[in-house]
Amino acid sequence: MAALNVVLWVLAVLMFLMALVPSSRWRALRAAFYPSASPYPDAFYVWNRCAMIGTSLSCVVFAVWTP
């Protein structure tokens, strides 16, 4: 279970750091990999950031509850 705890903490930190990346960087990254795709609306990036923060918090909760 210690390995699971470490994985959860690493995932929590990674997701939180990814949530701090500005939307313009995500747009540029998507445009680099999919140049012909239409850009996502701004609401997608807001929702994406909220999802990353929620995932980070849930990983912290599970890491604290995991013995």
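This text gives an overview of the structure that appears in the document. (Residues numbered from 1 in each chain as written. Predicted model: local features only at pLDDT ≥ 70, side-chain atom pairs only at ≥ 80, totals over all residues. Heavy atoms only, no water.)

Take the side chain of Asn5 next. With respect to the secondary-structure elements, Asn5 resides in helix α1 (residues 2–19). Its relative accessible area of 17% is what places Asn5 among the buried residues. Not counting residues up to four positions away in its chain, the partners in contact with Asn5 are Ala63 and Thr66. (Helix = DSSP H or I, 4+ residues; strand = E, 2+ residues; numbered from the N terminus. Buried < 20%, exposed > 50% of the residue type's maximum accessible area, 1.4 Å probe, protein only. Contact = heavy atoms within 4.5 Å.)

This brings us to the packing of helix α2 (residues 23–33) against helix α3 (residues 42–65). Where α2 contacts α3, the two axes come as close as 10 Å, and the packing angle between them is 110 degrees. Our classification of the angle between α2 and α3 gives roughly perpendicular. Each of Ser23, Trp26, Arg27 and Arg30 in α2 lies in contact with α3, whose residues at this interface are Asp42, Tyr45, Arg49 and Met52. For the contact of α2 with α3, the class distribution of residues is three nonpolar, one polar and four charged. (Axes fitted to C-alpha atoms, helices over the stretch in contact; angles between N-to-C directions. Parallel < 35°, antiparallel > 145°, perpendicular 65-115°, else oblique. Nonpolar A, V, L, I, M, F, W, Y, C, P; charged D, E, K, R; others polar.)

Take the environment of Val10 next. Assignment of secondary structure puts Val10 in helix α1. Its relative accessible area of 52% is what places Val10 among the exposed residues. For the pair formed by Val10 and Cys59, sequence separation is 49 residues and the distance between their alpha carbons is 8.9 Å.

Turning our attention to the packing of α1 against α3. To characterise two packed helices, one gives the angle between the axes of the helices and the distance between these axes. With their axes 8 Å apart at the nearest point, α1 and α3 run at an angle of 160 degrees to one another. By the angle between their axes, α1 is roughly antiparallel relative to α3. Crossing geometry of α1 relative to α3 is assigned as left-handed. On α3, the residues touching Asn5, Leu8, Trp9, Leu11, Ala12, Met15, Phe16, Met18 and Ala19 of α1 are Arg49, Met52, Ile53, Thr55, Ser56, Cys59, Val60, Phe62, Ala63 and Val64. Within the contact of α1 with α3, the residues separate by chemical class into 15 nonpolar, three polar and one charged. (Left-handed = near helix turned anticlockwise from the far one by under 90°.)

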